[in-house]
Amino acid sequence: QVRLVESGGGLVQAGGSLRLSCVASGRIVSVNFMRWYRQQTLGNERELVATIAPNGATIYSSGVKGRFTISRDDVKKTLYLQMNALEPEDTGVYYCNAEIRDYSSITGSDYWGQGTQVTVSS
């Protein structure tokens, strides 16, 4: 069974930094694209924040570009999000998402973590 577990959220003042981590576990064959989403208001859609390809190429939403950095360690099967210059508008629940192929399947599936709360105070 593949699992994604996030950590690193918390309360920080505006202008501060946090680093989120997401560890994938299970009988994993390969990990394709990995992404961070956030949900700023309960019931709203999740917003795509950043994407990283298997080759390390990255894409960011316009609201975080220049402040956030997504990275991955494929040996540790871990996804990271370094968040700097945080703003109150960055408050929300952050979810990691990954396309993962495990030993039970010849195709990949989409997996989600449980989310980690980030709160930025003004």
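Since the structure is predicted, the reported quantities are computational estimates derived from the model, not experimental observations.

**Here we look at the pairing of strand β4 (residues 28-39)**
So, point 1. Summarising the sheet, β4 and strand β9 (residues 92-102) pair through nine bridges and their orientation is antiparallel. Opposite R35, over in β9, you have N97 as the bridge partner.
So, point 2. Across five bridges, the pairing between β4 and strand β5 (residues 47-52) is antiparallel. The residue bridging Y37 from the neighbouring strand is L48, located in β5.

**Here we look at the nonpolar core**
Within soluble globular proteins, side chains that are nonpolar tend to cluster in buried spots.
So, point 1. Within the largest apolar cluster, 26 residues are counted, with the highest numbers of intra-cluster contacts made by W36, V49, F68, L79, L81, M83 and Y94.
So, point 2. Sorting the residues of this core by element identifies β3 (18-25), β4, β5, β7 (68-73), β8 (78-83), β9 and β11 (116-121) as the ones contributing at least two each.

**Considerations on the state of the cysteines**
Covalently bonding the sulfur atom of one cysteine to the sulfur atom of another cysteine gives a disulfide.
So, point 1. According to the stated counting rule, one finds one disulfide in the structure shown.
So, point 2. Paired by a disulfide, C22 and C96 hold their sulfur atoms 2.0 Å apart. Taking the sign of the S-S torsion, 45° for the link of C22 and C96, the bridge is right-handed. A residue pair is termed long-range when its members are at least 10 positions apart, and C22 in strand β3 and C96 in strand β9 qualify at 74 residues. Residues C22 and C96 agree in their burial class; the two are buried.

So, how was this worked out
- Residues numbered from 1 in each chain as written.
- Predicted model: local features only at pLDDT ≥ 70, side-chain atom pairs only at ≥ 80, totals over all residues.
- Heavy atoms only, no water.
- Pairing = 2+ DSSP bridges.
- Helix = DSSP H or I, 4+ residues; strand = E, 2+ residues; numbered from the N terminus.
- Core = buried A, V, L, I, M, F, W, Y, C linked by side-chain atoms within 4.5 Å.
- Buried < 20%, exposed > 50% of the residue type's maximum accessible area, 1.4 Å probe, protein only.
- Disulfide = S-S within 2.5 Å.

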